[in-house]
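Residues per chain, in single letters:
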Amino acid sequence: MDFRFAFRRYSMAFRRPVRTSAGTWTEREGVFVRTERPDGTVGYGEAAPVPSFGRESVGEVEAACRSLGDRIGGDAIAGLPESLCTLRNALACAVGGDPWVARQSSLGVAALLPAGSAALDDAPPKADAGFRVFKWKVGVGAADDEMAILDDLFGALPGGSSIRLDANGAWDRRTAGRWLAYSSDRPVEFVEQPLAPDSRGIEDSLSGLASDYPVAIALDESVANEVDVGRWLERGWPGYFVIKPSLMGDVQGALSRLAAADAKVVFSSALETGIGAQAGLRAAFAWDGELPAVGFGVWPLFSDPGFDGPAAVPFLRIADVDRINPEEIWNAAS
Ligand code: MG
């Protein structure tokens, strides 16, 4: 079947810059794609690479879209470079519609806190709103300073709360060991990406850390696409896999391999707009099995709220996801 094809590159400022150990991120860039079947049915997708992951650029995505022209076949994905995972994902969403069947009635949501001491101001209202799982970026400041802030944060949160720490690959092995020891007797749900994904011997180092400390470790930047997922599954990785569906070239393939291996999966936002978030959340709702809180408690995120996904609430229902209207977001990007 032939589809009419169109794309729009967008650039949207975050309402406040996102600070991680990789630096300060001020605006989101990506490409929306739109397909239309001969019967008039329209589909949308979003290709939003994360610059700090360094796997593909928005410029490459845009150039590939331009080369597709204004009509594509249903097999257009097969002709795209393997490396353009986010674009393959976007086209699959736009051409294939919604392949998911919801198996979860609701999803717990983790609230994203800003890095540094700003988290101390942000956390109490979020706890009042009902959140009990929080995510905090570490490796942004000195370890001693961050551990002191974190102890204050634990003190400020209601009992039963837990915090997931995300180092975004900032630490060396020694610092990672210090943090994992610190986390082992505190309510830390897991520590995300303690070492850089391209650091030498990372597989052995992470496997060593995972067996030396009781606190769980999660891979994020190390599993940026389905090829990485396959490699870590083959190694028998015992910790979590943070899956950002928007970044996977083949979401269904990656998820079915993870399910077959009975892997521990955490679904998470890649700070994409509502178009990508809707597709990613539908994949999360379709997961058959226990799920930790999803890392989609990120909104409001953009200076134009029309780009946002569902409002951050402690529990999401599929109706909250269905309510997102991709056409409105596409139109807002014109
Ligand atoms: Mg992460």
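Owing to the predicted nature of the structure, the values given are computational and were not obtained by experimental measurement. (Residues numbered from 1 in each chain as written. Predicted model: local features only at pLDDT ≥ 70, side-chain atom pairs only at ≥ 80, totals over all residues. Heavy atoms only, no water.)

Draft legend 1. Examining the coordination of the magnesium ion more closely. Distances from the magnesium ion to its protein donors, namely Asp166 (OD), Glu192 (OE) and Asp220 (OD), fall within the range 2.0 to 2.2 Å. The sequence pattern describing where the donors of the magnesium ion fall on their chain is D-x25-E-x27-D. Remark: Asp220 occurs in the loop between strand E9 (216-219) and helix H7 (226-234) and Asp166 occurs in strand E7 (residues 162-166); sequence separation between them is 54 residues. Of the two residues, Asp166 and Asp220, both sit in the buried class. (Donors = N, O, S within 2.8 Å, 3.2 Å for Na, K, Ca; no water. Helix = DSSP H or I, 4+ residues; strand = E, 2+ residues; numbered from the N terminus. Buried < 20%, exposed > 50% of the residue type's maximum accessible area, 1.4 Å probe, protein only.)

Draft legend 2. Representation of the sheet that holds strand E4 (residues 71-73) within the structure. Taken together, the four strands give an open sheet; going across it, the order is E3-E2-E1-E4, and neighbouring strands pair in antiparallel fashion. Across the chains shown, the open sheet's two edge strands, defined by having one partner strand only, are strand E3 (42-47) and E4. Between one strand axis and the next, the sheet turns through 40° on average, direction left out of account. Here helix H2 (residues 85-96) sits on the sheet in contact with strand E1 (2-20), strand E2 (23-36), E3 and E4, set at roughly 165° to E3. (Pairing = 2+ DSSP bridges. Axes fitted to C-alpha atoms, helices over the stretch in contact; angles between N-to-C directions. Contact = heavy atoms within 4.5 Å.)

Draft legend 3. Just the domain arrangement of the protein chain, in detail. Under the domain assignment, the protein chain is made up of domain 1 (2-96) and domain 2 (106-332). Taken over C-alpha atoms, the centre of domain 1 sits 22 Å from the centre of domain 2. Contacts between the two partners involve 30 residues from domain 1, matched on the other side by 41 residues from domain 2. When domain 1 packs against domain 2, the two sides together hide about 3,000 Å² of surface, and 64% of this comes from carbon and sulfur. When the buried area of domain 1 at its contact with domain 2 is split by residue, Met12, Tyr44 and Phe53 rank highest and sum to 20% of it. Where domain 1 touches domain 2, the interface holds three salt bridges. Counting across the domain 1 and domain 2 interface gives 16 residue pairs in polar contact (both at pLDDT 80 or more). With 12 residues, E1 is the single largest residue contributor to the side of domain 1 that touches domain 2. Residue classes in the side of domain 1 that touches domain 2 are distributed as 16 nonpolar, five polar and nine charged. (Domains from an automatic or database assignment. Buried area = accessible area lost by both parts, 1.4 Å probe. Salt bridge = Lys/Arg side-chain N within 4 Å of Asp/Glu carboxyl O. Polar contact = N/O pair within 3.5 Å; in protein donor to acceptor, adjacent residues only side chain to side chain. Nonpolar A, V, L, I, M, F, W, Y, C, P; charged D, E, K, R; others polar.)

Draft legend 4. Expanded view of the packing of helix H4 (residues 143-156) against helix H5 (residues 173-184). For the pair H4 and H5, the least separation of the axes is 12 Å and the interaxial angle reads 20°. Viewed along their axes, H4 and H5 adopt a mutual orientation that is roughly parallel. As for the relative orientation of H4 and H5, their crossing is right-handed in sense. Residues Ala143, Asp144, Glu146, Met147, Leu150, Asp151 and Phe154 of H4 lie in contact with H5, whose contacting residues are Thr175, Arg178, Trp179 and Tyr182. (Parallel < 35°, antiparallel > 145°, perpendicular 65-115°, else oblique. Left-handed = near helix turned anticlockwise from the far one by under 90°.)

Draft legend 5. Molecular detail of the nonpolar core. Core analysis: the largest hydrophobic core is formed by 84 residues, its most contacted members being Trp136 and Leu258. Summarising the domain contributions, this core has at least three residues from each of domain 1 (2-96) and domain 2 (106-332). In contact with Leu258, other than residues within four places in its own chain, are Val229, Leu233, Phe241, Ile243, Ala263, Val265 and Trp287. Among the nonpolar cores identified, the runner-up in size contains 19 residues, and Phe3, Phe5, Ile72 and Ala90 belong to it. (Core = buried A, V, L, I, M, F, W, Y, C linked by side-chain atoms within 4.5 Å.)

Draft legend 6. Examining the environment of Val294 more closely. Along the chain, Val294 turns up in strand E12 (residues 294-297). The spacing of Val294 and Val266 is 28 residues in sequence and 6.1 Å in space, taken between C-alpha atoms. Residues within four places of Val294 in sequence aside, it is in contact with Leu107, Gly108, Val109, Ala110, Arg164, Phe267, Leu281 and Ala284.

Draft legend 7. Layout of the pattern of salt bridges. Evaluated as defined, the whole model comprises 25 salt bridges. A salt bridge links Glu62 to Arg9, with the shortest nitrogen-to-oxygen separation between them at 2.8 Å. Of the two residues, Glu62 is situated in helix H1 (residues 58-68) and Arg9 in strand E1; the sequence distance between them amounts to 53 residues. In this structure, Asp212 and Arg173 form a salt bridge, with 3.7 Å as the shortest nitrogen-oxygen distance. With Asp212 in helix H6 (residues 202-212) and Arg173 in helix H5, this residue pair connects regions lying 39 residues apart in the sequence.

Draft legend 8. Highlighting the packing of aromatic side chains. All told, the structure shown has 14 aromatic pairs when counted by the stated rule. Centroid distance Phe302 to Phe307: 6.1 Å. Interplanar angle 65°. Geometry classified as edge-to-face. Residue classification places Phe302 among the buried positions, given a relative accessible area of 2%. Note on Phe307: relative accessible area 1%, which makes it buried. An aromatic cluster is present here, built from Tyr10, Phe14, Trp25, Phe32, Phe302 and Phe307 joined pairwise through their rings. The aromatic ring of Tyr182 is capped on one face by Arg186, whose charged end is 3.8 Å from the ring centroid. Here the guanidinium or amino end of Lys264 rests over the ring plane of Tyr240, the centre of that ring lying 5.0 Å away. (Phe/Tyr/Trp six-rings, centres within 6.5 Å; stacked < 30°, edge-to-face > 60°. Lys NZ or Arg CZ within 6 Å of the ring centre and 35° of its normal.)

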